[in-house]
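Reading the structure
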Amino acid sequence: MDRPDLSPSSHDPLGVLVGFDGSRHATAALHWGAAAAQRRGTTLSVVAAFTAPMLITGHVDAAGGSVGVDAARRATEQVLQLARDTLDGAGFTSESLPTRFFTVNEDATGALARLSENADLIVIGRRGHGRFWSRVLGSVSAALPAHAQCPTVIVGASDEDVEDITRVTEDTRPVTVGVDTSPTSRKAALVAADEAIAAGVPLRAVLVLPSFTGPPSTYTDAAAQLDTQSKDAAQRGLDAELNWIREQRPDVELQGTIMRGVPAEALIEASGSSQLTVVGSRGRGGFASLLLGSVSRTTLSNAQGTMMVVPKDRKR
């Protein structure tokens, strides 16, 4: 087995960066990331993280590393060999897709956030095992999208269809983006448009209009009139966003949808009919707060498909 690269320098371009631990969901993320890198014509970088705590004795070997570091690194290199074999088996050869593999001796969440400065995209699985993946629906889902400097993709294969990962290259469903007229929402919309163009599918822009929450007896003629005005205002806002996206990305095929209800629930529903659902990390109400705190964990836990979070101040 070829020894993986050392951790990249602060200036190495990483292209599409995939966190991998050998689990089934990480394998789905690997396939998704490889297809994305191939569409972009960029490098696929696969990273496996490990930590090896000092023994109670505090013994340090001659090289200055703690006891167990070498063993942990060797085990991690075997995980990366599995990634190589998986890519080869799926037809992603080194000739068709420039690929590099490396290990990092640090906490996986911190490593991905640090490496994101030089990545175009970070791809992780919804769940996995060990220190890396067991946290995807906890602190990673909340912390990484908030701190990553490039978009983060959480591949949403279910336990039942995680083996059917070749469908990521054949999916004809639209890319969906949540819009709310905020600057962050517009950044997310442009990223989503680029994804839709690359995949050759439409971009569906979703704007959420809150449902009437009062008892039926309070839905008077005046309330109905206000509701109609809200619908008209929402449609004008959506039309304005579609026109703005069309000006920026004239090649994208656009669809617009207004959904009623709670934004998180609307996003979960939309993800079931999308190959990718894109949101901004912050914005103006609704989708603005979806990926902060407990709402983000609930959304990612219940999403029916793959999600992408675009940071407010993305550098790439």
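The coordinates are above.
A few words on the overall build of the chain. Across its full length, the chain carries nine helices and 10 strands. A burial count over the chain gives 49% of its 316 residues as buried. For the chain, contacts bridging at least 24 residues in sequence account for 79% of all contacts bridging at least 6. Accessible area of the chain: about 14300 Å², with a carbon and sulfur share of 51%.

Counting 50 residues, the largest nonpolar core has L44, V123, V177, L203 and V278 as its most contacted members. With sequence-adjacent residues up to four places away left out, L203 is seen in contact with V175, V177, A189, A192, A193, A196, I245, V252, E253, L254 and Q255. Judged by nonpolar contacts, the second largest core, of 16 residues, contains V47, A111, I124 and A148.

For the rest of this paragraph, the subject is the environment of R84. Within the secondary structure, R84 sits in helix α2 (residues 69-89). A relative accessible area of 14% places R84 in the buried class. Through-space distance from the C-alpha of R84 to that of R100 is 9.5 Å; in sequence the pair is 16 residues apart.

At a minimum axis separation of 11 Å, helix α1 (residues 24-40) and α2 run at an interaxial angle of 55°. When the axis of α1 is compared with that of α2, the two are oblique. Crossing of α1 over α2 shows right-handed handedness. Touching T27, L30, H31 and A34 of α1 are A83, T86 and L87, all from α2. For the contact of α1 with α2, the per-class residue count stands at four nonpolar, three polar and no charged.

Our focus in this paragraph is the pairing of strand β4 (residues 119-125). In terms of burial, β4 is largely enclosed, as six of its seven residues are buried. When strand β1 (residues 15-19) meets β4, the two strands line up parallel, connected through four bridges. Following the sheet pairing, V18 is matched in β4 by V123. Here β4 runs beside strand β5 (residues 152-155); their pairing, made up of four bridges, is parallel. When the bridges of β5 are listed, I124 appears paired with I154.

One pass over the structure, following the stated rule, counts five salt bridges. In this structure, E241 engages R186 in a salt bridge whose closest nitrogen and oxygen atoms are separated by 3.0 Å. Of the two residues, E241 sits in helix α7 (residues 221-248) while R186 sits in helix α6 (residues 183-199), which places them 55 residues apart along the sequence.

Quick look at helix α3 (residues 108-115) now. Most of α3 is tucked away, with six of its eight residues classed as buried. Residues of α3 that are buried: A108, T109, A111, L112, A113 and L115.

Next up on the list: the sheet that holds strand β6 (residues 175-178). Reading across from one edge, β3-β2-β1-β4-β5-β10-β9-β6-β7-β8 is the order of the 10 strands in this open sheet, with mixed pairing throughout. Either end of the sheet is taken by a strand with one partner, and the two such strands are β3 (99-105) and β8 (254-260). Neighbour to neighbour, the strand axes of the sheet diverge by 25° on average, direction disregarded. Sheet analysis places β6 next to strand β9 (residues 276-280), joined by three bridges and oriented parallel. Residue pairing for β9: T176 is matched across the bridge by T277. Along the sheet, α1 makes contact with β1, β2 (44-50), β4, β5 and β9, crossing β4 at roughly 155°. Of the strands in this sheet, β6, β7 (203-209), β9 and β10 (307-310) are in contact with α6, which crosses β6 at around 175°.

Moving on to the packing of aromatic side chains. Per the counting criterion, the structure on display carries zero aromatic pairs. Geometry around F101 places R84 over its ring, the cationic atom sitting 4.4 Å from the centre.

Attention now goes to the pairing of β10. What you see with β10 is no split at all: M307 and V309 on one side and M308 and V310 on the other are buried throughout. Pairing between β5 and β10: three bridges, direction antiparallel. Note that in β10 the partner of T152 across the bridge is V309. Across four bridges, β9 lies against β10 in parallel orientation.

Here the focus is α6. Its 17 residues place the ends of α6 25 Å apart at the C-alpha level, agreeing with the 24 Å of an ideal helix rising 1.5 Å per residue. Turning to α6, its buried residues are T184, S185, A188, A189, L190, V191, A192, A193, E195 and A196.

Each value, and the rule that gives it
Residues numbered from 1 in each chain as written. Predicted model: local features only at pLDDT ≥ 70, side-chain atom pairs only at ≥ 80, totals over all residues. Heavy atoms only, no water. Helix = DSSP H or I, 4+ residues; strand = E, 2+ residues; numbered from the N terminus. Buried < 20%, exposed > 50% of the residue type's maximum accessible area, 1.4 Å probe, protein only. Contact = heavy atoms within 4.5 Å. Areas by Shrake-Rupley, 256 points an atom, 1.4 Å probe, with all protein chains shown as cover. Core = buried A, V, L, I, M, F, W, Y, C linked by side-chain atoms within 4.5 Å. Axes fitted to C-alpha atoms, helices over the stretch in contact; angles between N-to-C directions. Parallel < 35°, antiparallel > 145°, perpendicular 65-115°, else oblique. Left-handed = near helix turned anticlockwise from the far one by under 90°. Nonpolar A, V, L, I, M, F, W, Y, C, P; charged D, E, K, R; others polar. Pairing = 2+ DSSP bridges. Salt bridge = Lys/Arg side-chain N within 4 Å of Asp/Glu carboxyl O. Phe/Tyr/Trp six-rings, centres within 6.5 Å; stacked < 30°, edge-to-face > 60°. Lys NZ or Arg CZ within 6 Å of the ring centre and 35° of its normal. Expected span 1.5 Å × (residues − 1).

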